[in-house]
Amino acid sequence: MRLINTETLELEEFLQPIPPYAILSHTWEGQEVTLQEWNSVPREHLLSVLAHLEGLNPADALIREWLDSQPDSWHNRSALDPSGRLEKVGYWKILEACIEAREDGLWYLWVDTNCIDKTSSAELSEAINSMYIWYRSAAVCYAYLVDVPDPDPADNSPSEAIEKSPTDLLRGSALEAFRRSRWFSRGWTLQELLAPKKVRFYSRYWRYLGNKKKLASLLAEITRIDKKYLSYAVDIRSASVAQRMAAVANRTTTRPEDIAYCLLGLFNVNMPLLYGEGTKAFVRLQEEIIKASDDHSIFAWAWMEELKGRQFLQAVVARQGRLSYDFKPNCPTHRLQHLLQDRIKREVARPTILALDPVCFFDASAVPIMKPTSSPGVFTVTNLGLSLALPGFIQPCRRLAFGIIHNEFNSVDGTTMVIMIPLVRHYKHLDHWTRTSFPTAPVTVVFRGLVDPIDLLVELSTIKVCRDVQHASFYFDAFGGTSHRFGFWLLFPQTRIYRVAAHRLNMRFNLVHGSVLGDGMYNDHGIFFDPNPQDQRQVLGGLLVFHTEVVAEQRRRRQKNPFLLLFLALEVRKKANGEFEKTYAGSRVFIHRKAPDDVLYLLKKFAAHTGDHLDDVSLSKFECDDPAKTAFKRRLKLSRASVTHLNDEALSHSPHSEITLTEVKLLYSE
């Protein structure tokens, strides 16, 4: 580690032990000093300027003139630097930091501009991989905010901002400038805020503004980082992966790879630096993280519309409460604007189950450490991609699955909360899965009467996730992409193992027919529709007919294959503002020996019955005309089917969608 001796201003190298030192945190401007430039200036000249600075007040007009002068008027600095050797403002930052360190009784200072030989790629790589430890080990960190003016003592006018100020040193326009400071939007300054125990903030003219402990509440508001991590009560590296990712979700770096490299220390991982790899660096970082962690929250990210190359949304997917998603008008503007300026949207692709960019974690600051109780938490990274064991639902279409990344049992009300991520088969490698942007975010559902999701799912299986990218259009086509306002998504296990006595039944479902009323569509994972804008009150509905395929593994013979008729309907009413709201949802499922001849007739009858019995608690009076609705009288029979509506989610491409998650349960008995 190379340090500046604050007395001699010489650069000294240390292995072990390293003496106590201060460290500087700042945003890079256009006039930073390199190691070679620092060494080219005679020490006597640097020491004379340092002595001159020590005799001046930071607010002295001479210093202000030197700092504020433009590159074409460097002659104004002649009083401090007669020889004109220190033509870069970066010298000013280093010398002022040396003065602060000397006042604190520290003989050494580290600065990321002149203490690293950036002409050596090996040294640069070592420094970046060690930087978190260096900031963490510093006796004190000086955070220099060049865009924050000195507080005006005459600014005593009452305002909301002043009332919220945690210190008398930061008020009025200085407080507002502090909130908007570029220092809070840069990627590298995140670890510089979190790693050191002591951080002091300084204005443009090195006026002390406060320390991290006193400003913790204000810093938490600005950065959206929990106060306990800012006050050093809890180590940030004990937070979930998603929470740490959320901390950098609205920050930017000059080089695209640095958004990954600046997080190495935060996740306590190391990896070689490959400048030129672009956004692949962040995917590679996540692969390094999962090698050392079984926290499934790394998969709890949400797609941003901007990253899909689609129209900008004022409302983006966000997390509300503890573990549920909703929409809110809150947007990571710094990061998104930076990405769009860098033309990231020209590569409209999804890499794997891993996020493309930290911005996808913007609303994950409250996501805890996650792990399904039935998962061993073993991840394997191969040349083909990621392999992990997850319980999950597989839809009848066999192209879509929901992999469970977390479940939690509530002993008070007997419910089990399950968080799932949507996966789709790769268009080329059909035995591999990859993350889809529809739904845009992990789905949270609540089941009753379950202690473990394995009670309703297939046995634990290994999901292979492809590393190859896929373009957005494939996903929309594969899903029968929709922007419909209302609809039903089916949580319908495609392969579920039922145990009946000594028999093991393997069941599959194939969509053979369907129908939908009005402006809508259906496919083998749901029904979607839009209301007629002219009607004040209307019933929307659809019918799906599935053919079941059952195999008794012990007997190695197929059972009689019935048909499932799934009716789904809801009532919507127009509000005063012209928008529609759902007021009722109903469904019925029937077991039939054969497929019905007139699907549309049955659907209209069910919709009419629904409209006539909206006040009924149950729709059990509805009957199909097909008399063969009873179960088969065999030793093993499908005796009962039920439908349960779970919570509503915004699963559509439309930010205003309201899709009802619907669970289909089947029961076999002797």
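Since the model is a prediction, treat every value here as computed from it, not as a measurement. (Residues numbered from 1 in each chain as written. Predicted model: local features only at pLDDT ≥ 70, side-chain atom pairs only at ≥ 80, totals over all residues. Heavy atoms only, no water.)

1. So, the nonpolar core
Consideration 1: The biggest cluster of nonpolar side chains holds 128 residues, and the ones touching the most others in it are Trp110, Phe178 and Phe201.
Consideration 2: Broken down by element, the residue count for this core peaks at eight residues, all from helix H4 (residues 90–103).
Consideration 3: Counting 21 residues, the second-largest nonpolar core is a separate cluster that includes Phe509, Phe546, Leu564 and Val643. (Core = buried A, V, L, I, M, F, W, Y, C linked by side-chain atoms within 4.5 Å. Buried < 20%, exposed > 50% of the residue type's maximum accessible area, 1.4 Å probe, protein only. Helix = DSSP H or I, 4+ residues; strand = E, 2+ residues; numbered from the N terminus.)

2. Describing the packing of helix H2 (residues 43–54) against H4
Consideration 1: Interaxial distance between H2 and H4 falls to 10 Å at its minimum, and their mutual angle equals 65°. The way H2 lies across H4 gives a crossing that is right-handed. Residues Leu46, Val49, Leu50, Leu53 and Glu54 of H2 touch H4, and the partners they reach there are Tyr91, Trp92, Leu95, Glu96, Cys98, Ile99 and Arg102.
Consideration 2: Residues that form the contact of H2 with H4 fall into these classes: nine nonpolar, no polar and three charged. (Axes fitted to C-alpha atoms, helices over the stretch in contact; angles between N-to-C directions. Left-handed = near helix turned anticlockwise from the far one by under 90°. Contact = heavy atoms within 4.5 Å. Nonpolar A, V, L, I, M, F, W, Y, C, P; charged D, E, K, R; others polar.)

3. Some details on the sheet that holds strand S6 (residues 199–202)
Consideration 1: Strand order across the open sheet formed by seven strands is S2-S1-S4-S3-S5-S6-S7, with mixed pairing between neighbours. The open sheet has two edge strands, strand S2 (11–13) and strand S7 (208–211), and neither has a second partner. Direction aside, neighbouring strands of the sheet carry axes that sit 30° apart on average.
Consideration 2: Bridge analysis of strand S1 (residues 2–5) against strand S4 (residues 108–110) gives two bridges, and the strand direction is antiparallel. Bridge pairing links Ile4 to Leu109 in S4. (Pairing = 2+ DSSP bridges.)

4. Some remarks on helix H11 (residues 241–248)
Consideration 1: In terms of burial, H11 is largely enclosed, as eight of its eight residues are buried.
Consideration 2: Every buried residue of H11 is accounted for by Val241, Ala242, Gln243, Arg244, Met245, Ala246, Ala247 and Val248.
Consideration 3: Where the residues of H11 are buried, they touch helix H8 (188–194), helix H10 (227–230), helix H12 (258–261) and helix H13 (280–292).

5. What about the pattern of salt bridges?
Consideration 1: Counted by the stated rule, this structure contains 17 salt bridges.
Consideration 2: A salt bridge links Glu32 to Lys93, with the nearest nitrogen and oxygen atoms 2.7 Å apart. Of this pair, Glu32 sits in the loop between strand S3 (22–25) and helix H1 (35–40) while Lys93 sits in helix H4, and the two are 61 residues apart along the sequence. No difference in accessibility class separates Glu32 from Lys93, as the two residues are buried.
Consideration 3: A salt bridge links Glu176 to Arg179, with the nearest nitrogen and oxygen atoms 3.7 Å apart. Of this pair, Glu176 and Arg179 both sit in helix H7 (residues 172–179), three residues apart, which is roughly one turn of the helix.
Consideration 4: Three or more residues are tied together by salt bridges with common partners; here these are Arg2, Glu13 and Glu123. (Salt bridge = Lys/Arg side-chain N within 4 Å of Asp/Glu carboxyl O.)

6. Quick look at the packing of H7 against helix H9 (residues 216–223)
For any two helices packed against each other, the geometry comes down to the angle between their axes and how far apart the axes lie.
Consideration 1: Packing of H7 against H9 brings their axes to within 10 Å, and their N-to-C directions diverge by 50°. The angle between H7 and H9 places the two elements in the oblique class. Between H7, through Leu175, Phe178 and Arg179, and H9, the contact on the second element is made entirely by Leu218, Leu219, Glu221 and Ile222.
Consideration 2: Partitioning the contact of H7 with H9 into residue classes produces five nonpolar, no polar and two charged. (Parallel < 35°, antiparallel > 145°, perpendicular 65-115°, else oblique.)

7. Side note on the side chain of Thr189
Consideration 1: Inspection of the secondary structure assignment puts Thr189 in helix H8.
Consideration 2: Accessibility expressed as a relative area gives 1% for Thr189, which makes it buried.
Consideration 3: Within the structure, the side chain of Thr189 is placed 3.0 Å from the side chain of Arg251, a separation counted as a polar contact.
Consideration 4: Residue contacts for Thr189: discarding those within four places in its chain leaves Ser25, His26, Thr27, Trp183 and Arg251. (Polar contact = N/O pair within 3.5 Å; in protein donor to acceptor, adjacent residues only side chain to side chain.)

8. Regarding the confidence of the model for the chain
Consideration 1: Residues at a pLDDT of 70 or more form 69% of the chain, whose mean pLDDT is 75.
Consideration 2: Confidence over residues 70–78 falls short of pLDDT 50; this stretch has ten contacts with residues more than four positions distant or in other chains. (pLDDT = per-residue confidence, 0-100.)

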